[in-house]
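Listed here are the chains, written in short residue letters.
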Amino acid sequence: MIITKPRDWARIKGNLEELGAKRVFLMGCGECATVAHTGGHAELMVAKSVLEGAGYEVTGLVVGAVACHSGGTRLEMRKHQHEIDAADAVVVLACGAGVQTAADAIAKPVFPGLESAFLGNVIRNGVFEERCMMCGDCVLDKTAGICPVTTCPKGLLNGPCGGMWDGMCEVMTDRPCTHVKIKQRLAEQGRCRVARIEPKDHSAKLKPGAVSMRPARDAKKAAASGEGSGS
Ligand code: SF4
Ligand code: SF4
């Protein structure tokens, strides 16, 4: 999930002041930001009281089911159209994708209410760990499901580096070296360690702009319905 953290209120208020906004509509996200305790109903209520305490009127609020879902967000915004019309601006407590979805859906100025921090795992309630940098050329097949790009502070594909001491990382001294963990897990699984992982193909990280999975999905549906099979 995308891990978000609260944004400095001074910056959000600065955005509103620049615009001369006095009335604000608030939107959160029912998925990642709710799990991260940054953009669920409770956090929207806190945001409401912060804004009201600063003299703003909050015209309404909604926790979108999945803020980054274009269709769902448009629908959600339509249901709250009057409250949005009454507002000068919208503040979205979601990741950057959710903020952009809201900005696409309505004509009012939309401002981020959170910072998008990283793609990570929920370790336990309220505790998150960065796990993937979306490099576009995944090496988890070779590393027993442990990402060295993200979890080794030096981002080394092959290791450990010379600083590893007694199985612990030299940079983040309170945690085990990623490459020691990789070796251990591969051994536990009876797998051979890859001699050397080839340098990454950084062109795989080129920003795709938009990707469609539909052709493959539509072909699968057609095959399942027997279309084109001649029967
Ligand atoms: S290798 Fe790349 S895609 Fe795979 S988990 Fe690590 S950062 Fe993510
Ligand atoms: S000790 Fe291990 S995890 Fe830490 S920087 Fe070196 S190789 Fe990476």
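Below: a short report on this structure.

## Regarding the overall build of the protein
Then comes step 1: Looking only at helices and strands, the protein has nine helices and seven strands in total.
Then comes step 2: What you see for the protein is a C-alpha radius of gyration of 23 Å, clearly larger than the 17 Å of a compact globule of 231 residues, by over 25%.
Then comes step 3: With respect to the principal axes defined by its C-alpha atoms, the protein has extents near 65 × 65 × 30 Å.
Then comes step 4: Burial analysis of the protein (231 residues in total) assigns 33% to the buried set.
Then comes step 5: A fraction of 60% describes how many contacts in the protein between residues 6 or more apart in sequence connect residues 24 or more apart.
Then comes step 6: By element, 55% of the accessible surface of the protein is carried by carbon and sulfur atoms, the whole surface being about 13,700 Å².
Then comes step 7: Of the side chains in the protein, 29 bear a positive and 25 a negative charge, and the two mean positions are spaced by 4 Å.

## Considering the site of ligand 2
Then comes step 1: Near ligand 2 lie 13 residues; those nearest to it are Cys152, Cys161, Cys169, Cys177 and Thr178.
Then comes step 2: Class assignment for the residues of the shell around ligand 2 results in nine nonpolar, two polar and two charged.

## Re the layout of surface pockets
Then comes step 1: Roughly 490 Å³ of volume is contained in the largest pocket.
Then comes step 2: Mapped by element, the contributors of at least two residues to the lining of the largest pocket are strand 7 (127–132), helix 7 (148–151) and helix 8 (178–188).
Then comes step 3: Considering each element in turn, the lining of the largest pocket owes the most residues, four residues, to strand 7.
Then comes step 4: Here the lining of the largest pocket is built from residues that sort into 13 nonpolar, five polar and seven charged.
Then comes step 5: The computed volume of the second largest pocket comes to approximately 150 Å³.
Then comes step 6: In terms of lining residues, the second largest pocket is bounded by Ile2, Cys95, Ala97, Ser116, Ala117, Phe118, Leu119, Glu130, Cys132 and Met134.
Then comes step 7: Listed by contribution, the elements that provide at least two residues to the lining of the second largest pocket are strand 6 (114–124) and strand 7.
Then comes step 8: Looking at which element gives the most residues to the lining of the second largest pocket, the answer is strand 6, with four residues.

## Structural notes on unusual backbone geometry
Excluding glycine, a negative phi dihedral is what most residues carry, and trans is how most peptide bonds are arranged.
Then comes step 1: Pro160 follows Gly159 through a cis peptide bond whose omega is 5°.
Then comes step 2: Residue placement: Pro160 occurs in the loop between helix 7 and helix 8.
Then comes step 3: Look at His37: it is not a glycine, yet its phi comes out positive at around 60°.
Then comes step 4: By secondary structure assignment, the location of His37 is in the loop between helix 2 (32–35) and helix 3 (41–53).
Then comes step 5: One non-glycine residue with positive phi stands out, namely Met134, at about 50°.
Then comes step 6: As for its position among the elements, Met134 is in the loop between strand 7 and helix 7.

## Side note on the sheet that holds strand 4 (residues 89–93)
Then comes step 1: With parallel pairing, the four strands of this open sheet are ordered in space as 3-2-4-5. Of all strands in the sheet, those with a lone pairing partner are strand 3 (57–64) and strand 5 (110–112), marking the two edges. This sheet shows a mean twist of 25° between the axes of neighbouring strands, independent of strand direction.
Then comes step 2: Strand direction decides the pairing type here: strand 4 and strand 5, joined by three bridges, are parallel.

What counts as what
- Residues numbered from 1 in each chain as written.
- Chains lettered and ligands numbered in written order.
- Predicted model: local features only at pLDDT ≥ 70, side-chain atom pairs only at ≥ 80, totals over all residues.
- Heavy atoms only, no water.
- Helix = DSSP H or I, 4+ residues; strand = E, 2+ residues; numbered from the N terminus.
- Rg over C-alpha atoms; globule rule 2.2 N^0.38 Å.
- Buried < 20%, exposed > 50% of the residue type's maximum accessible area, 1.4 Å probe, protein only.
- Contact = heavy atoms within 4.5 Å.
- Areas by Shrake-Rupley, 256 points an atom, 1.4 Å probe, with all protein chains shown as cover.
- Lys, Arg positive; Asp, Glu negative; His and termini not counted.
- Charge placed at Lys NZ, Arg CZ, Asp CG, Glu CD.
- Near = heavy atom within 4 Å.
- Nonpolar A, V, L, I, M, F, W, Y, C, P; charged D, E, K, R; others polar.
- 1 Å grid on protein atoms, 1.4 Å probe; cavity = no way out; pocket = protein on both sides within 12 Å on 5 of 7 lines; lining within 4 Å.
- Points joined across faces, edges and corners; volume = space filled by probe spheres on them.
- Pairing = 2+ DSSP bridges.
- Axes fitted to C-alpha atoms, helices over the stretch in contact; angles between N-to-C directions.

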